Amino acid sequence: GSVNTFHLVLWVILIVAYASFRYVRATWLLRHSDQIRRIARRPWRLALGSIVAALIYLVPGLMWSMHGDENVRLTFCILLTGMMWGGSTTLASVPPAAMAYVWTVALGVAAIYGIMGSPALAVLFLSLTLSINATSLGAWRRFNDHFRAISRSREKSRIIELLRELGASGSNWLWETDAETRIVSMSDAMVAAIGICE
């Protein structure tokens, strides 16, 4: 009863429309994986999308906080804090998008605390935002390290497999050197061609 029902329904429709658009786009991208690399090269677009999402959640909260009572304001602060945590976790693999989302929501929540006449809560909330940022960046670093380790492992496995195939075929000269560039092992084909015994 604190908020106009028509405005509330309009807000829900906007959220559903935006979520549906994002779902359709994500489904399309899964079928057109070549486009993912193109999008990944433009992180500012992802950041812009995050800001739009944050504003969809934030603007009605700000408007209703200006005209509503303390319960409406506090409810939105709690709701938006949860959404900020969720967004930082979901977007952790794309730091520009995560930072854009988190700070857009954070500034809005701080503004609501300002409207409530609680600048101390606004400052406390912004310090919480710094903590969320640090956590999000840490998650991104762990994700990147894990992804690189998997990539290196796959690449190394593939190289070893190729070297084994080449060595087994006997059609190529393969050798291994140590740190001082001394030959430590040679393929059978190379040993036979040079005419030496291992």
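See the structure printed just above.
Residues numbered from 1 in each chain as written. Predicted model: local features only at pLDDT ≥ 70, side-chain atom pairs only at ≥ 80, totals over all residues. Heavy atoms only, no water.

**Looking at a nonpolar patch on the surface**
At step 1: A cluster of nonpolar side chains, namely W173, W175, I183 and I194, defines an oily patch on the protein surface of about 450 Å² accessible area.
At step 2: Of note, W173 is situated in the loop between α6 (119-169) and β1 (175-177).
At step 3: For W173, a relative accessible area of 48% corresponds to the partly exposed category. (Patch = residues over 30% accessible without salt bridge, like charges linked within 9 Å, V, L, I, M, F, W, Y side chains within 5 Å. Areas by Shrake-Rupley, 256 points an atom, 1.4 Å probe, with all protein chains shown as cover. Salt bridge = Lys/Arg side-chain N within 4 Å of Asp/Glu carboxyl O. Helix = DSSP H or I, 4+ residues; strand = E, 2+ residues; numbered from the N terminus. Buried < 20%, exposed > 50% of the residue type's maximum accessible area, 1.4 Å probe, protein only.)

**Considering the environment of M99**
At step 1: With respect to the helices and strands, M99 occurs in helix α5 (residues 95-115).
At step 2: A C-alpha to C-alpha distance of 9.0 Å links M99 and L137, two positions 38 residues apart in sequence.
At step 3: Those residues in contact with M99, other than ones at most four positions away along the chain, are N133, S136 and L137. (Contact = heavy atoms within 4.5 Å.)

**Describing the packing of helix α4 (residues 70-90) against α5**
At step 1: Relative orientation of the contacting elements α4 and α5 amounts to 165°, with a least axis distance of 9 Å. Taken together, α4 and α5 sit at an angle that is classed as roughly antiparallel. Like other packed secondary-structure pairs, α4 and α5 cross with a definite hand, here left-handed. Contacts between α4 and α5 pair R73, F76, C77, L80, M83, M84, G87 and S88 from the former with A98, Y101, V102, V105, A106, V109, I112, Y113 and I115 from the latter.
At step 2: Tallied by class, the residues present in the contact of α4 with α5 amount to 14 nonpolar, two polar and one charged. (Axes fitted to C-alpha atoms, helices over the stretch in contact; angles between N-to-C directions. Parallel < 35°, antiparallel > 145°, perpendicular 65-115°, else oblique. Left-handed = near helix turned anticlockwise from the far one by under 90°. Nonpolar A, V, L, I, M, F, W, Y, C, P; charged D, E, K, R; others polar.)

**Here we look at the pairing of strand β2 (residues 183-186)**
At step 1: Sheet topology note: the β1/β2 ladder contains three bridges and is antiparallel. By the bridge assignment for β2, E176 is matched with S185.
At step 2: Count of turn residues in the β1/β2 antiparallel hairpin: five residues, of which T181 carries a positive phi of about 60°. (Pairing = 2+ DSSP bridges.)

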